[in-house]
Amino acid sequence: MMLKRVRIPILMYHALTEKDSDLANPVHISFSLFTKQMEWLKDNGYRSILLDELPEIISAAGVNDKLFVLTFDDGYSSLYKYAMPLLKKLEFKAVLYLSVNCIDKKDFTDLKDIQQSSLPVNDRPLTWNEVKEMRLNGWSVQSHSMSHADHSSIDTKQLIKEVFESKINIEFHLHEPVTHYAYPFGKYDTRSIDLVKQAGYMTAVSVHPGLCDNRSDQYRLPRLEMNRYDTLETFIKKVETGFKTPAEKRRSALRRILFSNLKIKDFIKRIAGNRIN
């Protein structure tokens, strides 16, 4: 009998808001919606894993566990306030991808290319003390660059700083290796992937939809963005299939073919600009 291939969803979140708001970017979702999603995972037998566990698990054909990776980008204090207690109660692990420049600051103005007006009100960056406490509560803290700049459009000198210095900073504060990376806005090119490898990261995540399996490029892992427009039905569809709609699945298959050669992706990027990830 042929064993079923292990396929794991990597879920992507940003800030959590006390109430639903159409003023902030749709990626910032209400705590009540997040709670419903996490409780569905728990009630349906899902178990969270961290990125360090991923390579061994996806290569182990025949594993029948329902597994997922839970990730949060940037570094919002709402994660400390809302997500950490809930995940501790549900016994879920999480990955926190930090944009280092904003940590310990009063706001997010040190992050590039982010519209401040689209950020949740009454939220702020995490402090290093909060990050350390989250680490003690089962969170894995990894890099999301220094300034959240688009990696496909900055010069190489700045790109080196984003990739290498973020790793050094987090390791200095937490005294443990940082081996996983998230590209800001999911933007990457040949240079950024090469530098992520040189810096010693073991994986990097994109914003391409789909489920992670043994065919996934470890430096372009697929990730499922969750937003305020997701109903519980669309959330379940994403978790189970990796896609919200059949059309998204078709686009993803075409992207995988076109981007299999990174030089082709770089060429398309030069023509299409920021319209592609």
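Details of the structure are given in the entry above.
All figures in this text were calculated on a predicted structure; none of them were measured in a lab. (Residues numbered from 1 in each chain as written. Predicted model: local features only at pLDDT ≥ 70, side-chain atom pairs only at ≥ 80, totals over all residues. Heavy atoms only, no water.)

Visitor: Summarise helix H7 (residues 232-241); cite the residues concerned and give the values.
Guide: Three or more residues of H7 are buried, namely Thr234, Phe235, Ile236, Lys238 and Val239. Taken together, the buried residues of H7 touch strand S1 (10-13), helix H1 (31-43), strand S4 (46-48) and strand S10 (224-225). One or two residues past the end of H7 sits glycine 242, with phi positive at roughly 90°. (Buried < 20%, exposed > 50% of the residue type's maximum accessible area, 1.4 Å probe, protein only. Helix = DSSP H or I, 4+ residues; strand = E, 2+ residues; numbered from the N terminus. Contact = heavy atoms within 4.5 Å.)

Visitor: Pulling in residues and values, what's your account of the environment of arginine 7?
Guide: When you line up the elements, arginine 7 lands in the segment before S1. Sequence-distant contacts of arginine 7, defined by excluding residues within four places in its chain, comprise Leu211, Cys212, Asp213 and Thr241.

Visitor: I'd like a description of the pattern of salt bridges, backed by residues and values.
Guide: Tallied over the entire structure, the rule returns 14 salt bridges. Residues aspartate 230 and lysine 244 are paired through a salt bridge, measuring 4.0 Å at the closest nitrogen-oxygen approach. Taken together, the residues span a long stretch of sequence, with aspartate 230 in the loop between S10 and H7 and lysine 244 in the loop between H7 and helix H8 (246-258) at a distance of 14 residues. Judged by its relative accessible area of 29%, lysine 244 falls in the partly exposed class. Three or more residues are tied together by salt bridges with common partners; here these are Asp230, Lys238 and Lys244. (Salt bridge = Lys/Arg side-chain N within 4 Å of Asp/Glu carboxyl O.)

Visitor: Which residues make up the nonpolar core, and what values go with them?
Guide: Core analysis: the largest hydrophobic core is formed by 65 residues, its most contacted members being Phe34 and Phe72. The leading source of residues in this core is helix H3 (residues 77-90), at seven residues. If we skip the residues at most four places from it in the chain, phenylalanine 34 touches Tyr13, Leu16, Ile29, Leu70, Phe72, Ala83, Leu86 and Leu87. Among the nonpolar cores identified, the runner-up in size contains 17 residues, and Val6, Leu54, Val95 and Val205 belong to it. (Core = buried A, V, L, I, M, F, W, Y, C linked by side-chain atoms within 4.5 Å.)

Visitor: Tell me what's going on with the packing of aromatic side chains, and back it up with residues and numbers.
Guide: Aromatic ring pairs: the centre-centre distance and the angle between the two ring planes describe each pair. Inspection of the entire model under this criterion finds 13 aromatic pairs. Ring pairing ties together the aromatic residues Trp40, Tyr46, Phe68, Phe92 and Phe235, which thus form one cluster. Its guanidinium or amino end placed over the ring of tyrosine 201, lysine 167 lies 6.0 Å from that ring's centre, counting from NZ or CZ. (Phe/Tyr/Trp six-rings, centres within 6.5 Å; stacked < 30°, edge-to-face > 60°. Lys NZ or Arg CZ within 6 Å of the ring centre and 35° of its normal.)

Visitor: Any chance you could break down helix H4 (residues 128-136) for me, citing the residues and the numbers?
Guide: Along H4, the positions that sit buried rather than exposed are Trp128, Glu130, Val131 and Met134. Projected down its long axis, H4 carries its buried residues within an arc of 160°, all on one side. Pointing more than 90 degrees away from the buried face of H4 are the exposed residues Asn129 and Leu136. In this structure, the buried residues of H4 make contact with H3, strand S6 (94-98), strand S7 (139-143) and helix H5 (156-174). (Arc of directions from axis to C-beta.)

Visitor: If you had to explain the environment of leucine 96 to someone new, which residues and values would you point to?
Guide: Following the sequence through the fold, leucine 96 ends up in strand S6. With 86 residues separating them along the chain, leucine 96 and isoleucine 10 place their C-alpha atoms 13 Å apart. With residues near it in sequence (within four places) discarded, leucine 96 still touches Phe72, Gly75, Leu79, Leu126, Val131, Met134, Trp139, Ser140, Val141 and Gln142.

Visitor: Can you explain the side chain of threonine 71? Please cite residues and give values.
Guide: Relative to the helices and strands, threonine 71 is located in strand S5 (residues 66-74). Judged by relative accessible area, threonine 71 falls into the buried class, the value being 0%. A distance of 2.7 Å separates a polar side-chain atom of threonine 71 from the backbone oxygen of leucine 11. Of note is the side chain of threonine 71, whose polar atom sits 2.9 Å from the side chain of arginine 223. Apart from residues lying up to four places away in sequence, threonine 71 is in contact with Ile10, Leu11, Met12, Tyr13, Val95, Tyr97 and Arg223. (Polar contact = N/O pair within 3.5 Å; in protein donor to acceptor, adjacent residues only side chain to side chain.)

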